[in-house]
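Reading the structure
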Amino acid sequence: MVAPSIDNDYLNIISTIANSPVRDKGYTRTYYSYPAKFLSQLPKELIKNFTKEGGLVFDPFCGGGTTGLESMLLNRRFIGYDINPFAIHVSKVKCTYINPNDLMHTLVNIENDFKHHFMIETSLFNSDEQYCLQSEIIYQIDKIFTLVATLEDDFKDFFNLALIHLIKIVGRRDFKLPPKNSDKYIFKLFYQKSSKMIHGMKELPKIVSYHPEFHLKSNFNTHLSNSSVDCIITSPPYKGKDIEYQELQIQRRSIKRSKRTYVISRILGTVPLSKKDLTWKGENGNLYWENSLKSIQECYRVLKPDRFSFFWTCFKSVAEKGQYLEQLKDSGFNLLKIIPVKLSHDRAASSRSTHHLRPTSMMQQDFLCITQK
Ligand SMILES: C[S@@+](CC[C@H](N)C(=O)[O-])C[C@H]1O[C@@H](n2cnc3c(N)ncnc32)[C@H](O)[C@@H]1O
């Protein structure tokens with residue numbers, strides 16, 4: 001049998017899509033802009049082209065579930081791994097159908113309950129964070145959190161994501177409460193975001209052929225069998241980049257203060273991961289290559305012979321990029337093509353760069369590496 005191949009015309013198509021400035025829309029795609037996320041067009045195209053319905057797609061660094069959602073919408077099986085509880089949270093919320101009428105009904109109930117005064121036992125924010133945020137913002141967010149905490153699991157997960165998005169917005173350096181009528185203004189933003197999310201939910205199929213699996217676990221040693229995967233589409237951690245996968249920034253230009261907070265973990269009731277585990281920044285910097293090799297070898301093991309993998313990443317130097325490509329080759333992959341990819345707003349590393357649309361150096365050197373087993 002002749003091994004499947006990719007011709008030059010198709011490489012051009014991939015390059016155009018990978019560099020497309022078109023932002024995500026539709027379904028649950030815009031629920032949350034997870035740091036360094038894929039634009040959905042790319043996995044969508046690759047899944048369609050390199051797998052058949054029922055085929056298995058694997059994303060060992062699944063982040064906010066972009067590849068998982070597209071696989072589900074295209075009737076492919078999907079397995080994703082990520083060690084960050086927030087990544088798994090975003091992925092699951094985006095791929096879990098909840099009746100939109102029930103969601104709307106719940107939102108209206110939250111709104112009614114919000115109108116009542118009640119005591120907040122403890123704040124989500126510590127004193128440092130409180131110093132950066134206005135008291136009105138803290139009060140309204142704590143109130144929303146208290147109300148969402150009483151909901152049933154799927155609903156709680158859904159509205160907690162809207163709440164986390166809200167904190168990202170109010171944490172931006174120039175965010176200001178309107179001087180008058182600020183009462184309930186923060187709640188209104190929460191209501192608007194939740195309504196938009198409910199609108200997106202209306203598009204999600206009620207019943208799917210294959211529900212994506214998201215595993216909160218390292219991909220160094222997965223449960224997948226040898227040669228079982230039809231296509232790998234993934235983006236590993238960036239070497240030496242401190243991407244805010246689990247933090248949110250609270251910034252105030254007026255008082256020249258900025259705080260990275262672990263408020264997401266507090267909302268989800270999870271324990272923040274160490275940088276060493278999450279971004280592979282070891283004491284003496286050598287953890288990256290060790291971890292990268294383990295992941296690549298695992299990808300090679302689980303992929304079917306002749307099948308393709310797509311790794312999107314970037315390095316600060318040509319030497320480091322070379323070392324990564326060597327690891328791919330040493331693990332058995334054939335390197336077919338390296339496609340340079342440009343900055344996209346949706347791939348911002350932090351809540352700050354998302355807001356200011358400011359390129360970060362990480363983006364300028366991104367590349368998509370196409371390999372075959
Ligand atoms: C660049 S992001 C992936 C973003 C994803 N492509 C998306 O569209 O949202 C890299 C992810 O790798 C995860 N990660 C780091 N080490 C890991 C490991 N050992 N196993 C699985 N995931 C890991 C991080 O938590 C992070 O979510």
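Residues numbered from 1 in each chain as written. Predicted model: local features only at pLDDT ≥ 70, side-chain atom pairs only at ≥ 80, totals over all residues.

Concerning the overall build of the chain
- When its secondary structure is counted, the chain shows 15 helices and 9 strands.
- Across its three principal directions, the C-alpha atoms of the chain cover 70 × 45 × 35 Å.
- Taking all 373 residues of the chain together, the buried fraction comes to 41%.
- Sequence-distant contacts in the chain: of pairs separated by 6 or more residues, those separated by 24 or more amount to 77%. (Helix = DSSP H or I, 4+ residues; strand = E, 2+ residues; numbered from the N terminus. Buried ≥ 20, exposed ≤ 12 C-beta atoms within 10 Å, placed from the backbone. Contact = placed C-beta atoms within 7 Å.)

Some remarks on the confidence of the model for the chain
- Of all residues in the chain, 91% have pLDDT values of 70 or greater, and the mean over the chain is 90.
- Segment residues 348-363 is flagged for pLDDT under 50; beyond a separation of four residues in sequence, or across chains, it makes 33 contacts in the model. (pLDDT = per-residue confidence, 0-100.)

Some points on the sheet that holds strand β2 (residues 77-82)
- On the basis of which strands lie adjacent, the open sheet formed by 7 strands has the order β3-β2-β1-β4-β7-β9-β8 and mixed pairing. The open sheet has two edge strands, β3 (213-216) and β8 (334-340), and neither has a second partner. Along the sheet, successive strands turn relative to each other by an average axial angle of 15 degrees, direction set aside.
- Looking at chain direction, strand β1 (residues 56-59) and β2 are connected through 4 bridges and run parallel. Counterpart to Val57 in the pairing with β2 is Phe78.
- The sheet strands contacting helix α3 (residues 66-73) are β1, β2, β3 and β4 (229-234), and the helix crosses β2 at an angle near 170 degrees.
- The strands that helix α13 (residues 318-330) touches are β7 (303-313), β8 and β9 (367-372); relative to β8, the one it contacts most, it runs at about 150 degrees. (Pairing = 2+ DSSP bridges. Axes fitted to C-alpha atoms, helices over the stretch in contact; angles between N-to-C directions.)

Details of the site of the ligand
- In the vicinity of the ligand there are 21 residues, among which Lys37, Phe61, Gly63, Thr66 and Asn84 approach most closely.
- Grouping the constituent residues of the shell around the ligand by class yields 12 nonpolar, 7 polar and 2 charged. (Near = placed C-beta within 6 Å. Nonpolar A, V, L, I, M, F, W, Y, C, P; charged D, E, K, R; others polar.)

Examining the domain arrangement of the chain
- Parsing the chain into structural domains produces domain 1 (8-97 + 211-242 + 279-372) and domain 2 (100-201).
- Using only C-alpha atoms to locate each centre, domain 1 and domain 2 end up separated by 31 Å.
- Taken together, the contact pairs 12 residues of domain 1 with 11 residues of domain 2.
- Put simply, the parts of the chain that give the side of domain 1 that touches domain 2 at least two residues each are α4 (85-95) and α14 (351-356).
- The element that contributes the greatest number of residues to the side of domain 1 that touches domain 2 is α4, accounting for 4 residues.
- Per-class residue counts for the side of domain 1 that touches domain 2 are 5 nonpolar, 6 polar and 1 charged. (Domains from an automatic or database assignment.)

Observations regarding the nonpolar core
- Counting residues in each nonpolar core, the largest one holds 42 residues, and the members touching the most others are Ala87, Val90, Leu161, Ala162, Leu163, Leu166 and Ile167.
- Among the secondary structure elements, those contributing two or more residues to this core are α4, α5 (100-115), α7 (135-148), α8 (153-170), α9 (185-201), β5 (248-252) and α10 (263-268).
- Composition of this core by domain shows at least three residues from each of domain 1 (8-97 + 211-242 + 279-372) and domain 2 (100-201).
- When sequence neighbours within four positions are dropped, the list of residues in contact with Leu166 reads Ile141, Leu189, Phe190 and Lys193.
- Counting 39 residues, the second-largest nonpolar core is a separate cluster that includes Ile14, Phe38, Ile47 and Trp312. (Core = buried A, V, L, I, M, F, W, Y, C linked by C-beta atoms within 7 Å.)

Examining unusual backbone geometry
- Its identity as a non-glycine residue notwithstanding, Ser227 has a phi of 45 degrees, on the positive side.
- On the secondary structure map, Ser227 appears in the loop between β3 and β4.
- Non-glycine residue Asp306 carries a positive phi angle of around 75 degrees.
- Tracing the backbone shows Asp306 in strand β7.

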